[in-house]
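Structural description and commentary
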Amino acid sequence: HLLIGTRNGGLNILKLATGNIWQMKHVPGDGQFTVPGNNINRLYTDRYDNVLMGIVDHGLVSLRAVFLRSYTSLYAGFGKGPLGNSITCFFPQGDYVWIGTADGGLNRMRPSDNTFVSYPSTKDMFIFSITDFAPGKLLISVVNQGMFVFDTATGQTTPFLLRNVQLNTYTFHY
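To start, this report covers the structure provided alongside it. (Residues numbered from 1 in each chain as written. Predicted model: local features only at pLDDT ≥ 70, side-chain atom pairs only at ≥ 80, totals over all residues. Heavy atoms only, no water.)

**Quick word on the overall build of the chain**
Helix and strand counts for the chain stand at one helix and 15 strands. With 174 residues in all, the chain has 43% of them scored as buried. Considering only contacts within the chain whose residues lie at least 6 apart along the sequence, 34% involve residues at least 24 apart. Carbon together with sulfur atoms contributes 54% to the accessible area of the chain, which is approximately 10,100 Å² in total. (Helix = DSSP H or I, 4+ residues; strand = E, 2+ residues; numbered from the N terminus. Buried < 20%, exposed > 50% of the residue type's maximum accessible area, 1.4 Å probe, protein only. Contact = heavy atoms within 4.5 Å. Areas by Shrake-Rupley, 256 points an atom, 1.4 Å probe, with all protein chains shown as cover.)

What follows is the structure in structure tokens.
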């Protein structure tokens, strides 16, 4: 199967052997067999074939072969879902998946027990991308703010600055 996230068309699942497409869309009023929105922004598949879908303005959906679980409209600190409903990126690291959002900063999910941690130091950041930086550190790209080093132990961020001030300003703010 090939998963195709669409804008306004939900999730398309292409069966490669036959060319058939099955569509999973939001159907208003159908709370049991629907996804919460149709703008699939990001897809991530783990080693167990579980799929995480970032849905614009509707949060995170975990899709497994036997069920679908939606994480949306949750409050920080409860550990039941990400802070933020517009998922922008995923970064797998060991037993965790780091989740960047446009409206809730950086979150960490442990798929084995569906627990989440949100980080107050990033809650107002629009996280565009996440990658490894050094042991215990991530490099995050933040829209209109630049790059930051995120300490995974303390949850704190520090600006990542280039030595050339003009290049730093041009690279991260234009």
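**Some thoughts on unusual backbone geometry**
Even without a glycine there, the phi angle at Asn-8 is positive, about 75 degrees. Here Asn-8 is to be found in the loop between β1 (2-5) and β2 (11-15). On the basis of relative accessible area, Asn-8 is assigned to the exposed category, the value being 52%.

**Some details on the nonpolar core**
The biggest cluster of nonpolar side chains holds 13 residues, and the ones touching the most others in it are Trp-98, Leu-106, Ile-127, Ile-130, Leu-138, Ile-140 and Phe-150. Per element, the largest residue contribution to this core is three residues, and it comes from strand β13 (residues 137-142). If you look at the next biggest cluster of nonpolar residues, it comprises ten residues, including Ile-13, Val-51, Ile-55 and Leu-63. (Core = buried A, V, L, I, M, F, W, Y, C linked by side-chain atoms within 4.5 Å.)

**Observations regarding the pattern of salt bridges**
One pass over the structure, following the stated rule, counts three salt bridges. A salt bridge links Arg-110 to Asp-113, with the shortest nitrogen-to-oxygen separation between them at 3.1 Å. Here Arg-110 falls in the partly exposed class, since its relative accessible area comes to 28%. Given a relative accessible area of 37%, Asp-113 falls into the partly exposed group. For Asp-151, the salt bridge goes to Lys-137, with nearest N and O atoms at 2.8 Å. With a gap of 14 residues between them, Asp-151 in strand β14 (residues 146-151) and Lys-137 in strand β13 connect regions that are remote in the sequence. A relative accessible area of 18% places Asp-151 in the buried class. Relative accessible area serves as the criterion here: at 27%, Lys-137 is assigned to the partly exposed category. (Salt bridge = Lys/Arg side-chain N within 4 Å of Asp/Glu carboxyl O.)

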